Amino acid sequence: MKGRKLLMIPGPIEFEPEVLQAMSIATDSHVSPNFIEVFGNSLELMRKVWKSPKGQPFIISGTGTLAMDMAVSNLIEKGDAVLVISSGYFGKRFKDILECYGAHTTILEAPVGEVVSLDEIEKELKSKQYKALTITHVDTSTGVLIDPKPISELAKKYNTLSILDGVCSVAGEKINQDDWGIDIVLTASQKAIGVPPGLALLMVSEKAIQVWKNRKTPVGNYYADWKNWLPIMKAYEERRPSYFGTPPVNLIVALEVSLKIICEEGIDKRIKRHQNLAEAFRLGIDALHLKRLPVTNELAAHTLSAIYYPEGVDGASLSAKMNASNVIIAGGLLSDIKSTYFRIGHMGAISASDILSVLGALERALIELGIPIESGKSLQAFQNKLIQM
Ligand SMILES: *Cc1c(COP(=O)(O)O)cnc(C)c1O
């Protein structure tokens, strides 16, 4: 489509045409045999993407924040101690949600672009009994990637539940939920899962379901209570009609299409594609002498990049220039330094050609804004890396 914009923000992202087409078919009844099959299939496919054959999947109408809210409201009771491991904006959101349900939170905050060390986490877990800890796999505000595996191992060692915010990582970064022993991995449809906004998706371990069943007090949230949704998920998986709240039929039809595309590509291959494109993109950014927020390459996410503006360039002018080249980018999100950086999403159905368009538009924009760079440098760095891979 001529003049079509490339949506390169960290969600919503560029969607596969088949996914968008699925959104537009006539809406079926939520209890029709066809739709029951689609819903049941989607639940089963989620287990493959999460690598959680034993997990209990939930598909709920809502955003990623509802998925976080659902994890907290079902597992946490008033007075429970919860450790929040934060590398940005979305770590703090977990703290807010936890406090809303009366949890006593301790937050370990990493400096911008860094992660909290395992030593610090272990020291905290040793100091008192935490019921749960939260991890943000990729904090979308900083583009920092955390390795959840050693943290979930620590959680197990100290008999603490682990909750992973995978909103910017599921289907884009490596996740082995069952092997790593993570109790909840949650996401939203509009990020690497590749479906327009509107679905909260969770995978819950048997242990977490048990902890929920053994609660002393009722869940303080009517809509999010697993009591209402668990029977619905079980019914769809057993291909039986059921009702609690009307599911977003078209979104779930699109979800099944996207999950099939993900599984056809193969989850490991898909993660590798994200890694390769992200690595080559980073070299392109480095060739423009731009500084990225994550302090090392190991800490850089493969689903998005957070990049400081060069001195003398303001955000509004850069994004206007990019926009004129049909590339939409996102501004900063961390309140203290919001105006000093921008973000480019590169997850889901993204190709090398899309990234070349982005680097090309970025080079032209920076040159027009008076930054002394040589045109073609970032494209060359990107291409060379990709050719080597
Ligand atoms: C986008 C995002 C969220 C919030 O998701 P919404 O769908 O906007 O509610 C939470 N955590 C992370 C890591 C995200 O990237």
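Residues numbered from 1 in each chain as written. Predicted model: local features only at pLDDT ≥ 70, side-chain atom pairs only at ≥ 80, totals over all residues. Heavy atoms only, no water.

Caption draft 1: Fine view of the sheet that holds strand β2 (residues 56-61). Read across the open sheet, the seven strands follow the order β2-β10-β9-β8-β5-β3-β4; overall the sheet is mixed. The outermost strands of the open sheet, each flanked by one partner alone, are β2 and β4 (104-109). If you compare each strand with its neighbour and ignore which way they point, the axes differ by 15° on average. Alignment of strand β3 (residues 81-86) against strand β5 (residues 132-136), held across four bridges, turns out to be parallel. Looking at β5, one finds that I85 is bridged to I135. Relative to the sheet, helix α3 (residues 64-75) contacts β2, β8 (161-165), β9 (184-188) and β10 (199-204), its axis offset from that of β9 by approximately 155°. Most of the contacts of helix α9 (residues 226-237) go to β2, to which it runs at about 110°, and overall it touches β2, β9 and β10. (Pairing = 2+ DSSP bridges. Helix = DSSP H or I, 4+ residues; strand = E, 2+ residues; numbered from the N terminus. Axes fitted to C-alpha atoms, helices over the stretch in contact; angles between N-to-C directions. Contact = heavy atoms within 4.5 Å.)

Caption draft 2: Structural detail: the pattern of salt bridges. Under the defined criterion, the tally for this structure stands at 19 salt bridges. Here R292 makes a salt bridge to D286, at a shortest N to O gap of 3.2 Å. In this structure, E368 engages K321 in a salt bridge whose closest nitrogen and oxygen atoms are separated by 3.2 Å. With E368 in helix α13 (residues 352-368) and K321 in helix α12 (residues 315-324), the pair connects residues that are 47 residues apart, well separated along the chain. By relative accessible area, which is 29% here, K321 ends up partly exposed. Through salt bridges with shared partners, one network takes in E37, E44 and R239. (Salt bridge = Lys/Arg side-chain N within 4 Å of Asp/Glu carboxyl O. Buried < 20%, exposed > 50% of the residue type's maximum accessible area, 1.4 Å probe, protein only.)

Caption draft 3: How the structure looks around the domain arrangement of the protein. Here the domain parsing of the protein yields domain 1 (17-265) and domain 2 (266-388). Using only C-alpha atoms to locate each centre, domain 1 and domain 2 end up separated by 28 Å. Listed as interface residues are 29 residues of domain 1 and, on the opposing side, 27 residues of domain 2. Between domain 1 and domain 2 we count three salt bridges in total. Two residues, E265 and R270, come together in a salt bridge whose shortest N-O distance is 3.4 Å. There are 15 residue pairs in polar contact (both at pLDDT 80 or more) connecting domain 1 and domain 2. Counting residues per element, the ones that place at least two in the side of domain 1 that touches domain 2 are α2 (33-50), α4 (89-100), β7 (144-145) and α10 (249-265). Counting residues per element, the side of domain 1 that touches domain 2 draws most heavily on α10, at four residues. When grouped by side-chain class, the residues that make up the side of domain 1 that touches domain 2 number 13 nonpolar, eight polar and eight charged. (Domains from an automatic or database assignment. Polar contact = N/O pair within 3.5 Å; in protein donor to acceptor, adjacent residues only side chain to side chain. Nonpolar A, V, L, I, M, F, W, Y, C, P; charged D, E, K, R; others polar.)

Caption draft 4: How the structure looks around the packing of aromatic side chains. Applying the stated rule across the entire model yields 11 aromatic pairs. Taking the centre distance of 5.5 Å and the plane angle of 80° together, the rings of Y223 and W229 count as edge-to-face. The class of Y223 is partly exposed, set by a relative accessible area of 34%. (Phe/Tyr/Trp six-rings, centres within 6.5 Å; stacked < 30°, edge-to-face > 60°.)

Caption draft 5: View of the site of the ligand. In the vicinity of the ligand there are 14 residues, among which T63, T65, T140, D165 and K191 approach most closely. T65 has a polar side-chain atom sitting 2.6 Å from an oxygen atom of the ligand. D165 has a polar side-chain atom sitting 2.7 Å from a nitrogen atom of the ligand. Out of a free accessible area of 390 Å², the ligand has 89% covered by protein chains. Counting residues per element, the shell around the ligand draws most heavily on α3, which supplies three residues. Of the residues that constitute the shell around the ligand, the class distribution is six nonpolar, six polar and two charged. (Near = heavy atom within 4 Å. Areas by Shrake-Rupley, 256 points an atom, 1.4 Å probe, with all protein chains shown as cover.)

Caption draft 6: Representation of the nonpolar core in the model. Ranked by size, the top nonpolar core spans 98 residues in total, and within it F58, I184, L186 and I193 carry the most contacts. Among the elements that take part in this core, α2 stands out by supplying nine residues, more than any other. Among the domains, domain 1 (17-265) and domain 2 (266-388) are the pair contributing at least three residues each to this core. Those residues in contact with F58 that sit more than four places away from it in its chain are M46, A200, L201, L202, V204, I209, W226, W229, L230 and M233. Within the second largest apolar cluster, 28 residues are counted, among which are L6, L290, Y309 and L366. (Core = buried A, V, L, I, M, F, W, Y, C linked by side-chain atoms within 4.5 Å.)

Caption draft 7: Broad picture of the packing of α12 against α13. Contact geometry of α12 with α13 gives a least axis separation of 9 Å together with a crossing angle of 130°. Compared by their axis directions, α12 and α13 come out oblique. Considering only the axes of α12 and α13, their crossing is right-handed. Two secondary-structure elements touch here, α12 through L318, K321 and M322 and α13 through V358, A361, L362, A365, L366 and E368. Class assignment for the residues of the contact of α12 with α13 results in seven nonpolar, no polar and two charged. (Parallel < 35°, antiparallel > 145°, perpendicular 65-115°, else oblique. Left-handed = near helix turned anticlockwise from the far one by under 90°.)

Caption draft 8: Representation of the environment of A81 within the structure. Structurally, A81 can be placed in strand β3. As for A81 and A103, which are separated by 22 residues in sequence, their C-alpha atoms are 5.9 Å apart. Beyond its immediate sequence surroundings of up to four residues, A81 is in contact with H104, K128, Q129, Y130, K131 and A132.

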